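Each chain, letter by letter, is given below.
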Amino acid sequence: MKRVETSRKLTELKELLQFDEKVLLIIHDNPDPDSVASAWAMELLLRSMKVQVDVAYGGSIGRAENRALLYNVDIDLRSIFTISAADYDLLLFLDCQPDSGNISFRLPEDKKIGIIDHHILNPNLGKIDFQDIREDFGATATIAYEYLLARNIKVETDLATALYYAIRTETEDLGRGVGKADREAYFKLHTKIDWDLLHRIVNSRVSPEYFRTMHKAIAGTCIYRNALVCSIGPIRHPDSVAEVADQMLRLENIEWVLCYAISKDQQMLFSLRSASPEFHMGELAQVIVAGIGTAGGHPQLAGGQVRDLDRFEGGAEEAGELLSKRFLRGINNSMKVGLPLVETHTE
Ligand SMILES: [Mn+2]
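Residues numbered from 1 in each chain as written. Predicted model: local features only at pLDDT ≥ 70, side-chain atom pairs only at ≥ 80, totals over all residues. Heavy atoms only, no water.

Student: So what about the overall build of the protein? Which residues, and what values?
Tutor: Within the protein one finds 11 helices and 13 strands. By the compact-globule yardstick of 20 Å for 347 residues, the protein fits well, its C-alpha radius of gyration being 20 Å. Taken along its principal axes, the extent of the C-alpha atoms in the protein is 65 × 45 × 35 Å. Split into buried and exposed, the 347 residues of the protein put 53% on the buried side. For the protein, contacts bridging at least 24 residues in sequence account for 64% of all contacts bridging at least 6. By element, 48% of the accessible surface of the protein is carried by carbon and sulfur atoms, the whole surface being about 16500 Å². Taken together, the 39 basic and 51 acidic charged side chains of the protein have centroids lying 3 Å from each other. (Helix = DSSP H or I, 4+ residues; strand = E, 2+ residues; numbered from the N terminus. Rg over C-alpha atoms; globule rule 2.2 N^0.38 Å. Buried < 20%, exposed > 50% of the residue type's maximum accessible area, 1.4 Å probe, protein only. Contact = heavy atoms within 4.5 Å. Areas by Shrake-Rupley, 256 points an atom, 1.4 Å probe, with all protein chains shown as cover. Lys, Arg positive; Asp, Glu negative; His and termini not counted. Charge placed at Lys NZ, Arg CZ, Asp CG, Glu CD.)

Okay, here's the thing in structure tokens:
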């Protein structure tokens, strides 16, 4: 999108807001750097428009790098369950859309609704008062950064670092689902960041839980020629599924990855990754959970959840098998039996 269009969107957003109104920025459950950095940038932007702003999220943040980001920067994220959305005038969804599976949040009626996102548009959205969805952008952080530039807001070192890190992780260093605007933002931000802070985030220490999860994931992995299916089992933090999926795609000769796990609240969460653009992972994710859950995503990464596992007679195991079968069918893989990644020892 050209700069003038960002300015036009900015005007549209401003016209939607009255002096001192309250805006709630809502990011997706188990937020990632892209959603956190975008929220921080948009908070700054909206405050400059003389409105009140809070940021809310659901779920938890388990990934060590994401915790390090939050620990080191000055953004106040509130749990969506400790606030009342009815107290706000505008609910602005960032890096996500209302009524998607990755938001544990019911919309109050009669509120202005806005969306700034780069995921495929949810076709079932009701009335939206403001929308800026750019599917050709690799990161929502890039969109948010364009807003700051369009309003001439100075981006301080810490925010620049967060935005830079967001674009970096979301596009795998400008290699995955990246657009021209992401590259431009990345190189502009490059000159403004705090390299020590970035180093602390990228090289953050991990908990023993990280290795326990990886251990279970490796033991639960089967290879179907060029596809990999990984059943992790119970996990403490939902974002472990995406973290494992990213790792599993590193395995040589693997083009497609499905990882799934059971969250503490007994949902099945899954992530899809691909090294090839042949199939759209966001669309495949929706096919995989058709009739049993919700999903969304991008061409090369996607995720979703199956909420009600009790509907399966065989519980989580049956649900996992169904996901796996639909996944393999979706990528035209006819292998029936997978080869375990590692030998599992029985004593
Ligand atoms: Mn994103």
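That covers the picture; the talk isn't over yet.
Student: A description of the sheet that holds strand 4 (residues 90-94) should follow, citing residues and the corresponding values.
Tutor: Taken together, the six strands give an open sheet; going across it, the order is 3-2-1-4-5-6, and neighbouring strands pair in parallel fashion. Either end of the sheet is taken by a strand with one partner, and the two such strands are strand 3 (77-79) and strand 6 (130-133). Taking each pair of neighbouring strands and ignoring which way they run, the sheet shows an average axis angle of 25°. Here helix 2 (residues 33-47) sits on the sheet and contacts strand 1 (22-27), strand 2 (52-57), strand 3, strand 4 and strand 5 (112-117); the angle it forms with strand 1, its principal contact strand, is near 170°. (Pairing = 2+ DSSP bridges. Axes fitted to C-alpha atoms, helices over the stretch in contact; angles between N-to-C directions.)

Student: Can you tell me about the pairing of strand 2, naming the residues and giving the values?
Tutor: Burial within strand 2 is extensive, with five of its six residues counted as buried. After leaving strand 1, the chain enters helix 2 and then returns to the sheet as strand 2, a path that is right-handed. The pairing of strand 2 with strand 3 spans three bridges and is parallel. From the neighbouring strand, valine 55 faces strand 3, where its bridge partner is leucine 77. (Right-handed = clockwise from strand over helix to strand, strands pointing away.)

Student: Talk me through the packing of aromatic side chains; I want residue IDs and the actual numbers.
Tutor: One pass over the full model with this rule turns up five aromatic pairs. One aromatic cluster in this structure is built from Tyr164, Tyr186, Phe187 and Trp195. Cation over ring: lysine 9 sits above phenylalanine 130, and NZ or CZ is 5.5 Å from the ring centre. Over the aromatic face of tyrosine 88 sits the side chain of lysine 22, whose NZ or CZ is 5.1 Å from the ring centroid. (Phe/Tyr/Trp six-rings, centres within 6.5 Å; stacked < 30°, edge-to-face > 60°. Lys NZ or Arg CZ within 6 Å of the ring centre and 35° of its normal.)

Student: Quick one: what's the story with a nonpolar patch on the surface, residue by residue and with numbers?
Tutor: The grouping of Ile218, Leu251, Leu341 and Val342 at the surface amounts to a nonpolar patch, some 250 Å² of accessible area in total. Relative to the helices and strands, isoleucine 218 is located in helix 8 (residues 208-219). Residue class for isoleucine 218 comes out partly exposed when judged on its relative accessible area of 35%. (Patch = residues over 30% accessible without salt bridge, like charges linked within 9 Å, V, L, I, M, F, W, Y side chains within 5 Å. Salt bridge = Lys/Arg side-chain N within 4 Å of Asp/Glu carboxyl O.)

Student: Describe the domain arrangement of the protein, with residues and values.
Tutor: Per the domain assignment, the segments of the protein are domain 1 (3-202) and domain 2 (211-340). Taking only C-alpha atoms, the centre of domain 1 and the centre of domain 2 are 27 Å apart. Contact with domain 1, which involves 16 residues of that partner, is made by 15 residues of domain 2. Each partner contributes to the roughly 1300 Å² buried at the junction of domain 1 and domain 2, and carbon and sulfur atoms together form 47% of this total. Contact with domain 2 buries surface across domain 1, with Arg63, Ile120 and Arg176 losing the most and accounting together for 43% of the total. On the surface where domain 1 and domain 2 come into contact, there are three salt bridges. The closest approach of N and O atoms between arginine 63 and glutamate 243, which form a salt bridge, is 3.8 Å. Summed over the shared surface of domain 1 and domain 2, the result is seven residue pairs in polar contact (both at pLDDT 80 or more). By residue number, the principal contributor to the side of domain 1 that touches domain 2 is helix 3 (residues 64-72), which donates three residues. When the residues that make up the side of domain 1 that touches domain 2 are grouped by side-chain class, the tally is two nonpolar, nine polar and five charged. (Domains from an automatic or database assignment. Buried area = accessible area lost by both parts, 1.4 Å probe. Polar contact = N/O pair within 3.5 Å; in protein donor to acceptor, adjacent residues only side chain to side chain. Nonpolar A, V, L, I, M, F, W, Y, C, P; charged D, E, K, R; others polar.)

Student: Account for the layout of surface pockets, with residues named and values stated.
Tutor: In this structure, the second largest pocket occupies an estimated 260 Å³ of space. Contributing to the lining of the second largest pocket are 17 residues, with Gly62, Ala64, Ser207, Tyr210 and His237 lying nearest its centre. Secondary structure elements with two or more residues in the lining of the second largest pocket: helix 3, helix 8 and helix 9 (240-248). No other element matches helix 8, which puts four residues into the lining of the second largest pocket. Here the residues of the lining of the second largest pocket sort into five nonpolar, five polar and seven charged. (1 Å grid on protein atoms, 1.4 Å probe; cavity = no way out; pocket = protein on both sides within 12 Å on 5 of 7 lines; lining within 4 Å. Points joined across faces, edges and corners; volume = space filled by probe spheres on them.)

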